[in-house]
Structure formats: structure tokens, C-alpha cells
Amino acid sequence: KSSVRCIIKMNETQIVSGSTDRTIKLWNLENGSCTKTLVVNNTLTCLIKLNENQIASNHSTVTVWNLDKGSCEKTLEKYTKFIKCLVKLNEKQIASGSWDGTINVWNLSDGSCAKTLFVHKSPINWVVKLNEMQIVSGVDSGLVKVCNLD
């Protein structure tokens, strides 16, 4: 039996879920139906909305999905460890937090890693955008750190 690990709101009538059965599903909130299923390579724990027809998911890579086409548009790769969390920084960049304690800032246009921040000595559980220049991250020990992006 699979369990849902993450849900994001796309708009007033659609949500997207990620599950341990290695699927991403697009749901119609008006009638409760699943309108599209994408099969992924690994179990998901995080999804973020990039725009009206794109999302990003995590595992050992960041994958950008086109929901209209139902396909992978690009894969952002650098990690050797599992990615635990994602956050959209702006229209051009996202950040990912990893088991190795790093945060990578990714350029969505070409899939390159703009910078790596060596933040924690343990796995990062979450990353939140504070403003255009700062993010905050946290780990199991309760340690929270604010990082400047400039």
C-alpha cells in the first residue's frame, strides 16, 4: 500500500500529490478524479510548483516536470545524497536541501548549480525562503540557520 508524502496546490481546481508508489498525480478538486499520473523513478517526499504547468520533485536529483505534456523536462544533478526538501526562490531559481547538510541553488533555465552552501553537518529537513536575499534551514537537532544568498 502506498502513502501520499506531499501535496501542492496548482490552482483553485487542481492539486498534485506525490506518493511512495513512485507516482505524481494531478487531481481535479471539482469531481475528485485523477486526471494524470506520472511514473517517477523513486519515492517522493517533496513537490514544489514552479508555474502553472511545471513542478519539481526530489530524490537523489531534482526533476522538473511538465504537467501538460506529462513528461520530465530536465534533471538537475549534483548530489550523491538524497534531497530532502525544495523551495522556489524566484522564477529563475530553486534551492534544495540534502542529507549531506548542503543547500544547492539551481538555475532553472539551464539546470546548472549556481552555488552550494555548506550549512549543516546533518541532513537538512526543510528550507524556507525568507526574502529575496535569505533562506532559512533546519535539522533534526533543532538547529535553524539563516543563509544569505548573495
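Scroll up to find the structure.
No experiment lies behind these values; they were computed from the predicted model shown.

Definitions and limits used
- Note on numbering: residues in each chain are counted from 1, in written sequence order.
- Given that the model is predicted, a residue must reach a pLDDT of at least 70 before its local features are reported, and side-chain atom pairs must reach 80 or more before they are shown or counted; all residues, however, enter totals for whole chains, interfaces and linings.
- Neither water nor hydrogens contribute to the side-chain values; these are computed over all heavy atoms in the structure.
- The helix and strand labels rest on DSSP assignments: H or I over at least four residues marks a helix, E over at least two residues marks a strand, and numbering proceeds from the N terminus.
- The quantity called the radius of gyration is restricted to C-alpha atoms. Its globule counterpart is 2.2 Å times the number of residues to the power 0.38.
- With a 1.4 Å probe rolled over the protein chains alone, any residue whose accessible area is under 20% of its type maximum counts as buried; one over 50% counts as exposed, and the rest are partly exposed.
- Counted as positive: Lys and Arg. Counted as negative: Asp and Glu, with His and the chain ends omitted from the count.
- Where a charge lies is defined by one atom per residue type: Lys uses NZ, Arg uses CZ, Asp uses CG and Glu uses CD.
- Lining residues are those with an atom within 4 Å of a point, where the points come from a 1 Å grid over the protein atoms alone and group into cavities, where a 1.4 Å probe fits but cannot get out, or pockets, open sets with protein on both sides within 12 Å along at least five of seven lines.
- Grid points are joined across faces, edges and corners, and a volume is the space filled by probe spheres set on the points.
- Note on residue classes: Ala, Val, Leu, Ile, Met, Phe, Trp, Tyr, Cys and Pro are nonpolar, Asp, Glu, Lys and Arg are charged, and everything else, Gly too, is polar.
- The definition of a polar contact used here is a pair of N or O atoms within 3.5 Å, where within protein one atom must be able to donate a hydrogen and the other to accept one, and adjacent residues in sequence count solely through side-chain atom pairs.
- Any two strands with at least two DSSP-identified bridges between them are counted as paired.

A. A look at the overall build of the protein. Helix and strand content of the protein: zero helices and 15 strands. For 150 residues, the compact-globule estimate of 2.2 N^0.38 gives 15 Å, and the C-alpha radius of gyration of the protein, at 15 Å, lies within 12% of that figure. Once the C-alpha set of the protein is aligned to its principal axes, its extents read approximately 45 × 35 × 25 Å. Buried residues in the protein amount to 41% of all 150 residues. Averaging the coordinates of the 18 positive side-chain charges in the protein and doing the same for the 13 negative ones gives two points 6 Å apart.

B. Representation of unusual backbone geometry in the model. Of note, Arg22 is a non-glycine position whose phi angle comes to about 65 degrees, a positive value. A residue is classified by how much of its surface remains accessible, and Arg22, at 42% relative accessible area, is partly exposed.

C. A look at the layout of surface pockets. Size it by volume and the largest pocket reaches roughly 180 Å³. If you trace the largest pocket, you find 14 residues lining it, with Asn41, Asn42, Thr61, Thr63 and Trp65 closest to the centre. At the level of secondary structure, the elements contributing two or more residues to the lining of the largest pocket comprise strand 6 (54-58), strand 7 (62-66) and strand 8 (71-76). Of the residues assigned to the lining of the largest pocket, the class counts are five nonpolar, nine polar and no charged.

D. Geometry of the side chain of Asn104. Structurally, Asn104 is set in strand 11 (residues 102-107). The exposure class of Asn104 is buried, given its relative accessible area of 2%. At a separation of 2.6 Å, a polar atom in the side chain of Asn104 contacts the side chain of Thr116.

E. Molecular detail of the pairing of strand 11. Burial analysis of strand 11 places five of its six residues in the buried class, which makes it a mostly covered element. With five bridges connecting them, strand 10 (residues 93-98) and strand 11 associate as antiparallel partners. Residue Gln93 lies in a different strand from strand 11, and its bridge partner there is Asn107. The turn joining strand 10 and strand 11, which pair antiparallel and follow one another in sequence, is formed by three residues; a positive phi near 85 degrees is taken by Gly101. Pairing between strand 11 and strand 12 (residues 113-118): five bridges, direction antiparallel. In the sheet register, Asn104 faces strand 12, and the bridge partner there is Thr116. The turn joining strand 11 and strand 12, which pair antiparallel and follow one another in sequence, is formed by five residues; a positive phi near 80 degrees is taken by Gly111.

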